[in-house]
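# Notes for the structure review
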Amino acid sequence: MQLIVKKNPTELAKAAADFISKRIKEVLETKDQFTIALSGGSTPKALHELLAKPPYSQQIPWAQLHIFWGDERYVLIEDEQSNAGMAYDTLLGHVYTPESQIHIWRTDLEPEAAAADYDRVLHTYFGDTGPTFDLVLLGMGDDGHTLSLFPGTEVIHEQNAWTKAYFLTKQDMYRLTLTAPLVNRSSCILFLVAGPKKAEPLKEVLEGEYNPDKYPSQIIKPENGDLVWLIDEKAAADLE
Ligand SMILES: O=C1O[C@H](COP(=O)(O)O)[C@@H](O)[C@H](O)[C@H]1O
């Protein structure tokens, strides 16, 4: 595991953009498509806005990317809470990746059907065995959640399914999420974490006892891939 601390959210976004750009370049030297899973929430917005501009908008071969999402809120894409909607507004609307390579969760279907549809899309793309994403971008919520794996939910311990839909009582909303077994088969996982509200959960996730029911981000441990935590100084404040 690699831990990189940057001064503030602006430097964090720049470091993430450099990391992603370099990773894409390296992987595309050996194959012709790059698969990335995006995250939602507020932290990735600055990263997206940076990637949407030169030099990243020009140096990244966007047409060779296959874009997925690690999780989604069960709202239509037009809703301001939509992770896919946010990514279109801040990034995908400004670069060219063919629509057929942008794999959104079908929140126009019933929740279970949307999860089944995404499972089918993933199995069609990756097959049933072997490594999955070239890069998964993850965030961590103030409560230690990542993806839509929230504290105290059964989905944290899912062993088989690649996707899940479930009703998250505390948010009064369905959530759609990839599961840990799928994400942990990725070649690289990059957490982006910023701000003072993340300091306490981050300390517990990285230095506390293993208790993924309370801090679900602990369940993310790539089987063979790289795990990188890119964080800002405020989020790092409580670390030893
Ligand atoms: O709800 C979500 O939150 C997490 C963390 O978001 P942040 O706003 O604290 O950065 C995010 O990773 C996840 O994709 C999203 O659905």
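Residues numbered from 1 in each chain as written. Predicted model: local features only at pLDDT ≥ 70, side-chain atom pairs only at ≥ 80, totals over all residues.

An unreviewed UniProt entry annotates the chain as 6-phosphogluconolactonase of Spirosoma validum. For the chain, the Pathway (unreviewed entry) comment in UniProt is given as "Carbohydrate degradation; pentose phosphate pathway; D-ribulose 5-phosphate from D-glucose 6-phosphate (oxidative stage): step 2/3." In its Sequence similarities (unreviewed entry) section, the UniProt entry covering the chain states "Belongs to the glucosamine/galactosamine-6-phosphate isomerase family. 6-phosphogluconolactonase subfamily." (UniProt positions renumbered as here; feature names shortened; annotations may be inferred.)

Right, let's get into the site of the ligand. Looking at the ligand, there are 13 residues lining it, with Gly40, Gly41, Ser42, Thr43 and Gly139 nearest. Its residues assigned to classes, the shell around the ligand comprises one nonpolar, eleven polar and one charged. (Near = placed C-beta within 6 Å. Nonpolar A, V, L, I, M, F, W, Y, C, P; charged D, E, K, R; others polar.)

Moving on to the sheet that holds strand E6 (residues 163–168). The sheet built from three strands is open, its strands ordered E4-E7-E6 with antiparallel pairing. With one partner strand each, in any of the chains shown, strand E4 (71–73) and E6 form the two edges of the open sheet. Sheet twist, expressed as the mean angle between neighbouring strand axes with direction ignored, is 20°. Across three bridges, the pairing between E4 and strand E7 (residues 173–178) is antiparallel. The residue bridging Asp71 from the neighbouring strand is Thr177, located in E7. Against the sheet, helix H5 (residues 111–126) touches E6 and E7, its axis set at about 160° to E6. (Pairing = 2+ DSSP bridges. Helix = DSSP H or I, 4+ residues; strand = E, 2+ residues; numbered from the N terminus. Axes fitted to C-alpha atoms, helices over the stretch in contact; angles between N-to-C directions. Contact = placed C-beta atoms within 7 Å.)

In this model, Pro54 is joined to Pro55 through a cis peptide bond whose omega is 5°. Within the element layout of this structure, Pro55 appears in the loop between helix H2 (44–51) and helix H3 (56–59). The backbone of Leu147 sits at a positive phi, close to 45°, despite the residue not being glycine. Position of Leu147 among the secondary structure elements: in the loop between strand E5 (135–138) and E6.

The next thing to look at is the UniProt feature "domain: Glucosamine/galactosamine-6-phosphate isomerase" (unreviewed entry) in the chain. With numbering aligned to this structure, UniProt lists the feature "domain: Glucosamine/galactosamine-6-phosphate isomerase" (unreviewed entry) at residues 8–229. Overall, residues 8–229 shows 32% helix and 18% strand. The separation of its end C-alpha atoms is 14 Å.

This paragraph deals with the packing of H2 against helix H4 (residues 83–92). At a closest axis distance of 8 Å, the pairing of H2 and H4 adopts a crossing angle of 35°. Residues Lys45, His48, Glu49 and Leu51 of H2 touch H4, and the partners they reach there are Met86, Ala87, Thr90 and Leu91. Grouping the amino acids of the contact of H2 with H4 by side-chain chemistry returns four nonpolar, two polar and two charged.

For H4, a buried count of seven out of ten residues is recorded, marking the element as mostly surrounded by other parts of the structure. Those residues of H4 not exposed but buried are Asn83, Ala84, Gly85, Met86, Ala87, Leu91 and Leu92. Buried residues along H4 sit against strand E2 (34–38), H2, strand E3 (65–69) and E4. (Buried ≥ 20, exposed ≤ 12 C-beta atoms within 10 Å, placed from the backbone.)

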